[in-house]
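Each chain, letter by letter, is given below.
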Amino acid sequence: MGTDTVCKTVRQYGREALAPEDMEMLREVAEGYRLVKNHVYDRYGGKGGLSKIYPGYTVQNEMTKSGLRAQLGMPSVYFYLAVFDALGDIKAQWTRTKTKIQKLVGLNEHLTEEEKHYLRFLLKIPNAFEAALNRGEIRLPKEMQKKHDGLAASVDGEKLRRYLRRQVRKYHEAHLRTDAAAGFSAAERAYRYGDHGIYLSTKQNRKRVFVPLTDNNRYDSQIYVKLIPESGRIEINVPIQVSVRSHGDYGSEVGLALGIFTMLTTDQGHCYGEALGEMQTEYAQWVRERTAGYNRSRTANPGRKKYNEQKRRRQERIHGYINQELNRLFREEKPGRIYMVKLPPPKAGGINPKINQGVTLWQRGYIRNRLALKCRENGVELVDVLGKDVSSECSRCGGTGEKKEGMFTCVHCGQTMEEKVNTARNVLKRGQAGKTVNK
């Protein structure tokens, strides 16, 4: 199923804090990277830049002629990556806008099918979309032009183009902006592995910063260098293509229920991540205590450096546990297909501030993302199931039940079982019945 490989991000970490002067040289690169991206955002992020961002070589040539690289003293190995990084963000932003408008067009009861068809054509064809937004004449290759003219003949094209412009003004986000020099991408020519570490190019000619690493792995692809100035360390993110593992004994169908205290419960009652709730409660309490202490002594507080480093290490400990339990789930359940409720967006907090903060720090998004990645790596299908009333429905008779102290009791058939097991069984039943979320 799917492709034979999947993209996975591996991380490497600095073994020790860098000397302040070395961190400063890397921060200079990150600051130049930020300025280049913001320049591209400002110059090409609006509707006037639409004619140049696909595929982007026009932007590359104009940026070369602009003199910005010499002005900032940016090596080409960083400069052009920053340009195309910004272009990728701009394209993604336009894609989100088009998707939003296309959905609204489909729901608009005041538009005829012919008008919807014409608007979808404009949204799909980049040259037509750009011309419509910039009030230009729509000129396309011969066959596409013929199709456009045929669609436009049965509708009021100018009225629909005005409608499209209004929707873009309403839903397209403001220009992108990068305010923090958090890191930078680096091509293969910008770094070299050696001496149990990595040498990174800087803005100074023939000057590299050496960073000792915690492992001896070597990669030959584009990397992202994330700076952590608070601790003087760096984190390197490397996207790699890994082969999808084939498991001849994987074939079961598993329904999962996600919880705050026990991470995952299966339809068979197997639990994974039972210590997660305790770890997250401890983490939330630690955050509350440190925040309160900081607020009481702002003037005498030496800063947030130690706090941020301790917070990062606690988060990594929780993430490590989550990944360990997910790996155990795959080993023991051997799933061919996993059913799980599509998670709703986070809601505003309730009355108890301690509970609010605990929910805020809940790692549900991370759990879902890691589960999806591990499914792709192992050739397992992950299916989103409709979740309305899934926890209040009896998995035996379908009636409505009551939940109390972690147990579910059906008022119709009398069945009593753990609440999460009942939920997981409902998830499995709905998935097998085809009650899934369309993607």
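Structural data are supplied above this passage.
Scope of this entry: the structure provided in the associated data block. Fair warning: this is a prediction, and the values are worked out from it, not measured in the lab.

Reading the values: rules and limits
- Residues numbered from 1 in each chain as written.
- Predicted model: local features only at pLDDT ≥ 70, side-chain atom pairs only at ≥ 80, totals over all residues.
- Heavy atoms only, no water.
- Helix = DSSP H or I, 4+ residues; strand = E, 2+ residues; numbered from the N terminus.
- Buried < 20%, exposed > 50% of the residue type's maximum accessible area, 1.4 Å probe, protein only.
- Contact = heavy atoms within 4.5 Å.
- Areas by Shrake-Rupley, 256 points an atom, 1.4 Å probe, with all protein chains shown as cover.
- Lys, Arg positive; Asp, Glu negative; His and termini not counted.
- Charge placed at Lys NZ, Arg CZ, Asp CG, Glu CD.
- Core = buried A, V, L, I, M, F, W, Y, C linked by side-chain atoms within 4.5 Å.
- Salt bridge = Lys/Arg side-chain N within 4 Å of Asp/Glu carboxyl O.
- Pairing = 2+ DSSP bridges.
- Axes fitted to C-alpha atoms, helices over the stretch in contact; angles between N-to-C directions.
- Phe/Tyr/Trp six-rings, centres within 6.5 Å; stacked < 30°, edge-to-face > 60°.
- Lys NZ or Arg CZ within 6 Å of the ring centre and 35° of its normal.
- Parallel < 35°, antiparallel > 145°, perpendicular 65-115°, else oblique.
- Left-handed = near helix turned anticlockwise from the far one by under 90°.
- Nonpolar A, V, L, I, M, F, W, Y, C, P; charged D, E, K, R; others polar.
- Disulfide = S-S within 2.5 Å.

1. What about the overall build of the protein?
Here is step 1: Scanning the protein from terminus to terminus reveals 13 helices and 15 strands.
Here is step 2: By principal-axis analysis of the C-alpha atoms, the protein measures approximately 75 × 70 × 55 Å.
Here is step 3: Looking at the protein residue by residue over its 439 residues, the buried ones come to 43%.
Here is step 4: For the protein, restricting intrachain contacts to residue pairs at least 6 apart in sequence, the fraction spanning at least 24 positions comes to 70%.
Here is step 5: Accessible surface, the protein as shown: approximately 24,400 Å² in total, 48% of it carbon and sulfur.
Here is step 6: Charged side chains in the protein number 76 positive and 50 negative. The centres of these two groups are separated by 3 Å.

2. Quick notes on the environment of Glu21
Here is step 1: Here Glu21 lies in helix α1 (residues 20-44).
Here is step 2: The exposed category is assigned to Glu21, whose relative accessible area is 52%.
Here is step 3: With 188 residues separating them along the chain, Glu21 and Val209 place their C-alpha atoms 9.6 Å apart.

3. Some thoughts on the nonpolar core
Here is step 1: Met63, Leu164, Phe184, Ile198, Leu200, Ile223 and Ile234 are the most contacted members of the largest nonpolar core, which totals 69 residues.
Here is step 2: For this core, the element with the highest residue contribution is helix α4 (residues 76-107), accounting for 12 residues.
Here is step 3: Discounting residues that sit within four places of it in the chain, Ile234 has contacts with Gln12, Tyr13, Gly14, Leu18, Met23, Leu26, Leu200, Val211, Val225, Lys226 and Leu227.
Here is step 4: Counting 27 residues, the second largest nonpolar core, distinct from the first, contains Leu264, Leu326, Ile367 and Leu382.

4. Re the pattern of salt bridges
Here is step 1: Counted according to the given criterion, the structure contains 26 salt bridges.
Here is step 2: A salt bridge links Glu377 to Lys8; its shortest N-O distance comes to 3.7 Å. Linking Glu377 in helix α12 (residues 364-377) with Lys8 in strand β1 (residues 5-13), this pair joins segments that are 369 residues apart in sequence.
Here is step 3: Among the salt bridges present, the one from Glu316 reaches Arg312, with a minimum N-O distance of 2.6 Å. With Glu316 and Arg312 both in helix α10 (residues 305-333) and 4 residues apart, the pair spans about one turn of that helix.
Here is step 4: Exposure remark for Glu316: the relative accessible area of 33% places this residue in the partly exposed category.
Here is step 5: Three or more residues are tied together by salt bridges with common partners; here these are Glu158, Arg161, Arg162 and Arg165.

5. Quick notes on the sheet that holds strand β6 (residues 223-228)
Here is step 1: Spatially, 4 strands are ordered β1-β7-β6-β2 in an open sheet, and the strand pairing comes out antiparallel. Edge positions in the sheet fall to β1 and β2 (183-186), since each of these pairs with one other strand and no more. On average, each strand axis in the sheet is inclined to that of its neighbour by 25°, with strand direction left out of account.
Here is step 2: Two strands pair when backbone bridges link them, and β1 and strand β7 (residues 233-243) are joined in this way by 9 bridges, in the antiparallel orientation. Counted as the bridge partner of Thr9 is Pro239 from β7.
Here is step 3: Against the sheet, α1 makes contact with β2, β6 and β7, and its axis sits at roughly 80° relative to β2, the strand it touches most.

6. A short note on the packing of aromatic side chains
Here is step 1: Under the counting rule described, the total for this entry stands at 6 aromatic pairs.
Here is step 2: Ring geometry for Trp94 versus Phe129: centroids 5.7 Å apart, planes at 80°, classification edge-to-face. Residue Trp94 is located in helix α4, and its partner Phe129 is located in helix α6 (residues 126-133); the two are separated by 35 residues in the primary sequence.
Here is step 3: You can call Trp94 buried: its relative accessible area is 1%.
Here is step 4: Considering the side-chain rings of Tyr199 and Phe210, the 4.7 Å spacing of their centres and the 40° angle between planes classify their relative orientation as tilted. Taken together, the positions of Tyr199 in strand β4 (residues 197-201) and Phe210 in strand β5 (residues 208-212) put the pair 11 residues apart, joining distant regions of the chain.
Here is step 5: Residue class for Tyr199 comes out buried when judged on its relative accessible area of 17%.
Here is step 6: Across from the ring centre of Phe129, 4.6 Å away, lies the NZ or CZ of Lys98, which sits over that ring.
Here is step 7: Here the basic side chain of Arg192 rests over the ring of Tyr199, its NZ or CZ set 4.3 Å away from the ring centre.

7. Comments concerning the sheet that holds β4
Here is step 1: The strand order across the open sheet formed by 3 strands is β3-β4-β5, and the pairing between neighbours is antiparallel. Strands with a single pairing partner mark the edges of an open sheet, and in this sheet they are β3 (191-194) and β5. Along the sheet, successive strands turn relative to each other by an average axial angle of 20°, direction set aside.

8. A few points about the packing of helix α5 (residues 113-124) against helix α7 (residues 142-152)
Here is step 1: Taken N-terminus to C-terminus, the directions of α5 and α7 make an angle of 150°; their axes are 9 Å apart at the nearest point. Between α5 and α7, the angle is such that the two are roughly antiparallel. Our pair here, α5 against α7, has a crossing hand that is left-handed. Contact residues: His117, Tyr118, Phe121 and Leu122 in α5; Met144, Lys147, His148, Leu151 and Ala152 in α7.
Here is step 2: Class assignment of the residues belonging to the contact of α5 with α7 gives a composition of 6 nonpolar, 2 polar and 1 charged.

9. Section: the state of the cysteines
Disulfides are covalent bonds that connect the sulfur atoms of two cysteines.
Here is step 1: By the definition in use, this model includes 0 disulfides.
Here is step 2: With no disulfide of its own, Cys375 lies closest to Cys7 among cysteine sulfurs, the gap being 17 Å.
Here is step 3: For Cys375, a relative accessible area of 2% corresponds to the buried category.
Here is step 4: Note on Cys413: no disulfide assigned, nearest cysteine sulfur contributed by Cys410 at a separation of 3.6 Å.

10. Overview of unusual backbone geometry
Here is step 1: Here the bond from Tyr54 into Pro55 is cis, since omega is -5°, no more than 30 degrees from zero.
Here is step 2: Positive phi outside glycine occurs at Arg135, with the angle close to 55°.
Here is step 3: By the secondary structure assignment, Arg135 is in the loop between α6 and α7.
Here is step 4: Residue classification places Arg135 among the exposed positions, given a relative accessible area of 61%.
Here is step 5: Phi is positive for His196, close to 60°, though the residue is something other than glycine.
Here is step 6: Looking at the secondary structure, you find His196 in the loop between β3 and β4.

Everything listed here is a matter of geometry and, on its own, says nothing about what the molecule does.
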